[in-house]
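Topology and contacts: notes
Below are the chains, spelled out letter by letter.
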Amino acid sequence: MPGLIIGIGFFWAFAWMPGGDAVRGTLLALVIAFGVRALPSAYGAISPATMQLGSELDNAARVAGADWWRTVSRILLRLLVPAMLASFLLIWTQMIREYAPAMFLAGAESQVIGTTAIDLWTQGETGSVAALATLQIAVTAVVAGLAGLLLKGRKEKNHA
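Scope of this entry: the structure provided in the associated data block. Given the structure is predicted, the values throughout are model-derived calculations rather than measurements. Residue numbers run consecutively from 1 along every chain, following the written order of its sequence. pLDDT decides what is reported in this predicted model: residues at 70 or higher carry local features, side-chain atom pairs at 80 or more are listed and counted, and totals for whole chains, interfaces and linings draw on all residues regardless. Excluding hydrogens and water, the side-chain figures rest on all heavy atoms present in the structure.

**A short note on the packing of helix α1 (residues 3-16) against helix α3 (residues 27-52)**
Cut-off, in case you're wondering: The axes are straight lines fitted to the C-alpha atoms, using for helices just the contacting stretch, and the angles between their N-to-C directions are given from 0 to 180°. Here a helix means four or more residues in a row that DSSP labels H or I, a strand means two or more in a row labelled E, and each is numbered from the N terminus. Should an angle fall under 35 degrees it is called roughly parallel, over 145 degrees roughly antiparallel, and 65 to 115 degrees roughly perpendicular, with every other angle called oblique. For any pair of crossing helices, the crossing counts as left-handed if the nearer helix is rotated counterclockwise from the farther one by less than a right angle, and right-handed if it is rotated clockwise. The contact definition used throughout considers only heavy atoms, calling two residues in contact when any of these lie within 4.5 Å. Residue polarity follows a fixed list, in which Ala, Val, Leu, Ile, Met, Phe, Trp, Tyr, Cys and Pro are nonpolar, Asp, Glu, Lys and Arg are charged, and the others, Gly among them, are polar.
Two elements in contact, α1 and α3, have axes whose closest approach is 10 Å; the angle formed by their N-to-C orientations is 135°. The orientation of α1 relative to α3 falls into the category oblique. α1 and α3 meet at a crossing whose hand is right-handed. Across the interface between the two elements, Gly3, Ile6, Phe10 and Phe14 from α1 touch Ala29, Ile32, Ala33, Val36 and Arg37 from α3. Each residue belonging to the contact of α1 with α3 can be placed in one class, and the counts come to seven nonpolar, one polar and one charged.

Right under this line is the structure:
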């Protein structure tokens, strides 16, 4: 779903909801809107790994006496960590450049990089926009590098 539709939808939802005005210009509104925007991509990244897990893992844990929570936390989540990290990296690269939902929901104290870049661009501050874009690329590269190190470390740990 396009970010513009998400932004407009949450804008009106917060406008009509009792007490929604207290949330509309805050970071919480942005987190909710960006989270809803990211759900299909995150699901698409995690679902193949989830489908590869067979029911025999669950059955083996049940036979060993594990309840549902122990099965999920000790077996399934540990197997899904690489897929979750990959999903996080995918969502991070998408959301760091996203600005459409924030155009309708951001307040003066809850600006994101995309809306700040648009504000600077409309004011003719192209140098500041270029600096912000360079910073955005650097932060994305650092996050991707850290995710790569984490995945590499987990792979070496599992082979040892």
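**Observations concerning the packing of aromatic side chains**
To be explicit about the condition: Think of it this way: a Phe, Tyr or Trp ring, Trp meaning its six-membered ring, pairs with another when their centres are within 6.5 Å, and the plane angle makes it stacked under 30 degrees, edge-to-face over 60, tilted otherwise. Exposure categories follow from relative accessible area, calculated using a 1.4 Å probe and restricted to protein chains: below 20% of the type maximum is buried, above 50% is exposed, and the middle band is partly exposed.
Going through the model one piece at a time under the given rule, you end up with four aromatic pairs. Relative to phenylalanine 14, the ring of phenylalanine 10 lies with its centre 5.8 Å away and its plane at 35°, an arrangement referred to as tilted. Here the residue phenylalanine 10 and the residue phenylalanine 14 both occupy positions in helix α1, the gap between them amounting to four residues, near one helical turn. Take phenylalanine 10: its relative accessible area is 18%, and that puts it in the buried class. Aromatic side chains phenylalanine 88 and tryptophan 92 sit 6.1 Å apart centroid to centroid with 35° between the ring planes, which places their arrangement in the tilted category. With phenylalanine 88 and tryptophan 92 both in helix α5 (residues 68-95) and four residues apart, this pair spans about one turn of that helix.

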